[in-house]
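Letter by letter, the chains look like this.
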Amino acid sequence: MKKIFTLTITVLILASCGGEKKKNSMENVLSSNNLELLRKKRTEIVAEQHAATDKLKQLDKAIAKLDTVKKAPLITTFIAKEEVFNHYFEVQGNVTTKDLLVITPEYNGILTHVYVKEGQKVNKGQTLAKIDDGGLSQQLSQLEIQAELARTTYERQKRLWDQNIGSEIQFLQAKSNYEAQQKAVDQLKKQVAKTTVKAPFSGTIDDVITEKGSVVAAGQTPLMRIVNLSNMYIETDVPERYVKDITEGKHVNVEFPVLGQSVETKVRQAGDFINPANRTFKVEVGLPNKDKTIKPNLTAKLKINDYTNENAFLVPQSVISENAEGEQYLYVVENKNNKNEGVTKKVIIKTGKTQNDVIEVLSGVEVGTEIIKEGARSVKDKQPVKVISFETDSIN
C-alpha cells in the first residue's frame, strides 16, 4: 500500500513538472501576451547563451593545446632542382635574300625579244631577253675573217722562221697582227654578249617590267625582277650591349605574325661594326624556306638566345618579395612531418635573369629545397603551415 502511494506521488510530481515545462515552452510564452512572462523567458535564454559561450571557450582552449596547426595556412610547394635555363631577348627584323635582283641591261638599244614571263622558273645563265646590237654582229663576223687570215699568215711565217727562212721582223709582224686581231675579236664578242640578257642565278621571274620594243639604257632601265626563295635570311639591328653575347650559331626562334608560323634557326653572321647613329650592329639569321611560303620583306619577330645556364635554379617571380633594405627573399618549408606539417623560413636570395614568369636564383637555394609557391605572400617567418600539394617537375 505504501509503494502504491509513493508511485502515485511521483507520477503527480512528473506531471506537474511536465505541465510546468509545457507552460513555459517558447510557443506558450509567445502566445501568452504576458509581458512579465516574456521578459522572464528572455532572461533564461540569455543566461543559457552565456553558459554555452563559456563552454565553447573552454573547448577551444583545450583543442588549441592539442592541435598546434589548427589555424596553419594551407600552402603548395615545389622542390628546387638544377635545370637548363635559356634566356632570350626580342627584336624585329625583315626577311630578305641575296638572290633578289632587278635586272638592267648592259647595252643601249631596242629590246627586241623577251623570252620569259612572270612566274617562270629559270636557271643560271639562261637567256632572258635580247637587245638589238646595232650591227655589232656583222662587225664581229668581219673581224673574225680578218683574224683567221692573220692566224694563217702567222702560222706560215712561224714555220718558215723555224726553218731559218725569212726575216725575224716578218715573223714578229705576223705574230703581232694575229694577236691584235684576236684581241679585237674577243673585245667585240664581249660587246655583243652584252646585248643578250641572261639570268645571274637560278630563280623565278617575279615581274617583267619592260616590254618588247622598248628603248633601254644601260644600267638604268629595269627589265625584270628575279628572285630565289631558297637562300633567305633575316637582317636585324641588335643593341650594342649584346655585342659579346650574340655570336655565330646562337639559337633563334623566329615568328611570322602574318603567316601564323614559327621557325627554329641560328645566327648566321654577327656584324663587327657598331652604327654610331643608333648604337646597333647587324645580325643575319639563316632562314630555311623549303615550302617557299616566306617572302622577302616580311616582318619577323626574333627571340635570340643571349644567355644559357646549364645548372640554374628557377622559381616563379610571384614567390619573391623584397624587404625595406632592397633584399629579395622567399619562404621555404622546414621540419615537415608525416602529416605534411612544417615551419616556414625566410631565405635571402640573389637573382639573375628573368624569362617570362620565372627568374633565375643565383644564391640562397640548394638542390632539394622545398619552396613555398601558393601562399608565399601570406605567410610569415617561423610560422606553422600545412602543405596540401608539392611539385617535383620543372617549372620552366
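Residues numbered from 1 in each chain as written. Predicted model: local features only at pLDDT ≥ 70, side-chain atom pairs only at ≥ 80, totals over all residues. Heavy atoms only, no water.

With an unreviewed UniProt entry as reference, the protein is termed Efflux RND transporter periplasmic adaptor subunit, source organism Mangrovimonas cancribranchiae. Checking UniProt for the protein, the heading Sequence similarities (unreviewed entry) contains the comment "Belongs to the membrane fusion protein (MFP) (TC 8.A.1) family." (UniProt positions renumbered as here; feature names shortened; annotations may be inferred.)

Colleague: Describe the overall build of the protein, with residues and values.
Modeller: The helix and strand inventory of the protein stands at five helices and 21 strands. Its C-alpha atoms give the protein a radius of gyration of 49 Å, more than 25% over the compact-globule value 21 Å for 396 residues. Taken along its principal axes, the extent of the C-alpha atoms in the protein is 185 × 50 × 45 Å. Taken across its 396 residues, the protein has 32% of its residues classed as buried. Taking the intrachain contacts of the protein between residues at least 6 apart in sequence as the baseline, contacts between residues at least 24 apart amount to 72%. Of the roughly 25300 Å² that the protein leaves accessible, carbon and sulfur atoms contribute 51%. A gap of 8 Å separates the mean positions of the 56 positive and 51 negative side-chain charges of the protein. (Helix = DSSP H or I, 4+ residues; strand = E, 2+ residues; numbered from the N terminus. Rg over C-alpha atoms; globule rule 2.2 N^0.38 Å. Buried < 20%, exposed > 50% of the residue type's maximum accessible area, 1.4 Å probe, protein only. Contact = heavy atoms within 4.5 Å. Areas by Shrake-Rupley, 256 points an atom, 1.4 Å probe, with all protein chains shown as cover. Lys, Arg positive; Asp, Glu negative; His and termini not counted. Charge placed at Lys NZ, Arg CZ, Asp CG, Glu CD.)

Colleague: Could you give an account of a nonpolar patch on the surface, with specific residues and numbers?
Modeller: Together, Met26, Leu30, Leu38 and Ile45 line one region of the surface with nonpolar side chains, adding up to about 330 Å² of accessible area. Broken down by secondary-structure element, the contributors of at least two residues to the nonpolar patch are helix H2 (26-32) and helix H3 (35-66). Looking at the secondary structure, you find Leu38 in helix H3. (Patch = residues over 30% accessible without salt bridge, like charges linked within 9 Å, V, L, I, M, F, W, Y side chains within 5 Å. Salt bridge = Lys/Arg side-chain N within 4 Å of Asp/Glu carboxyl O.)

Colleague: Can you break down the sheet that holds strand S6 (residues 127-131) residue by residue, with the values?
Modeller: With respect to topology, four strands assemble into an open sheet ordered S7-S6-S4-S9, the strand pairing being antiparallel. Two strands lie at the open edges of the sheet, namely strand S7 (196-198) and strand S9 (215-216), each paired on one side alone. As paired elements, strand S4 (residues 109-114) and S9 share two bridges and run antiparallel to each other. Across the sheet, Ile110 pairs through a bridge with Val215, a residue of S9. (Pairing = 2+ DSSP bridges.)

Colleague: Lay out the UniProt feature "coiled-coil region" (unreviewed entry) in the protein in plain terms, naming residues and giving numbers.
Modeller: On the UniProt side, "coiled-coil region" (unreviewed entry) is annotated at positions that read residues 140-198 here. Taken end to end, residues 140-198 is 83% helix and 5% strand, and its two terminal C-alpha atoms sit 20 Å from one another.

Colleague: So what's going on with the nonpolar core? Residues and values would help.
Modeller: Counting 24 residues, the largest nonpolar core has Ile234, Ile246, Phe256, Leu302 and Ile304 as its most contacted members. Elements with a contribution of two residues or more to this core: strand S2 (83-97), strand S11 (232-239), strand S12 (251-256), strand S13 (261-270), strand S14 (280-287) and strand S15 (299-316). Looking at this core element by element, the count peaks at four residues for S14. With residues near it in sequence (within four places) discarded, Ile304 still touches His87, Tyr88, Phe89, Val91, Val238, Ile246, His251, Val252 and Val267. (Core = buried A, V, L, I, M, F, W, Y, C linked by side-chain atoms within 4.5 Å.)

Colleague: Describe the packing of aromatic side chains, listing the residues and the values that go with them.
Modeller: Counted under the stated rule, the structure contains five aromatic pairs. Between Tyr154 and Tyr178, the ring centres sit 5.6 Å apart and the planes meet at 5 degrees, which makes this aromatic pair stacked. One end of the pair, Tyr154, is in helix H4 (residues 136-162); the other, Tyr178, is in helix H5 (residues 168-193), with 24 residues separating them in the sequence. Assessed through its relative accessible area of 15%, Tyr154 is described here as buried. Three or more aromatic residues joined by ring pairs form one cluster here, namely Tyr154, Phe171 and Tyr178. A cation over a ring is seen here: Lys346 above Tyr329, with NZ or CZ 4.5 Å from the ring centre. The lysine or arginine in question, Lys353, covers the ring of Tyr307, its NZ or CZ lying 5.7 Å from the ring centre. (Phe/Tyr/Trp six-rings, centres within 6.5 Å; stacked < 30°, edge-to-face > 60°. Lys NZ or Arg CZ within 6 Å of the ring centre and 35° of its normal.)

Colleague: Would you mind going over the side chain of Asn305 in detail, with residue names and values included?
Modeller: Relative to the assigned elements, Asn305 resides in strand S15. Here Asn305 falls in the buried class, since its relative accessible area comes to 6%. Within polar-contact distance, the side chain of Asn305 engages the backbone oxygen of His87 at 3.0 Å. Once residues lying within four places of it in the same chain are set aside, the contact partners of Asn305 are Asn86, His87, Tyr88, Asp245, Ile246, Lys250 and His251. (Polar contact = N/O pair within 3.5 Å; in protein donor to acceptor, adjacent residues only side chain to side chain.)

Colleague: Just give me the short version of the pattern of salt bridges, but keep the residues and values in it.
Modeller: One pass over the structure, following the stated rule, counts 14 salt bridges. The salt bridge involving Asp206 is made with Arg225; its shortest N-O contact spans 3.1 Å. Separated by 19 residues along the polypeptide, Asp206 in strand S8 (residues 203-208) and Arg225 in strand S10 (residues 224-227) bring together distant segments of the chain. Among the salt bridges present, the one from Asp207 reaches Arg225, with a minimum N-O distance of 3.9 Å. Highlighted residues: Asp207 in strand S8 and Arg225 in strand S10, separated in sequence by 18 residues.

Colleague: Describe the environment of Ala376, listing the residues and the values that go with them.
Modeller: Tracing the sequence through the fold places Ala376 in the loop between strand S20 (370-372) and strand S21 (384-391). A C-alpha to C-alpha distance of 81 Å links Ala376 and Ile110, two positions 266 residues apart in sequence. Aside from chain neighbours lying at most four places away, what touches Ala376 is Val319 and Tyr331.

Colleague: If you had to explain H4 to someone new, which residues and values would you point to?
Modeller: Residue pairs three or four apart in sequence face the same way in an α-helix, which turns once every 3.6 residues. The terminal C-alpha atoms of H4, which comprises 27 residues, lie 38 Å apart, in line with the 39 Å expected from a rise of 1.5 Å per residue. Of the residues making up H4, those classed as buried are Leu136, Leu140, Ala147, Ala150, Tyr154 and Gln157. Buried residues in H4 make contact with H5. Backbone geometry just after H4 places Asn164 at a positive phi near 60 degrees. (Expected span 1.5 Å × (residues − 1).)

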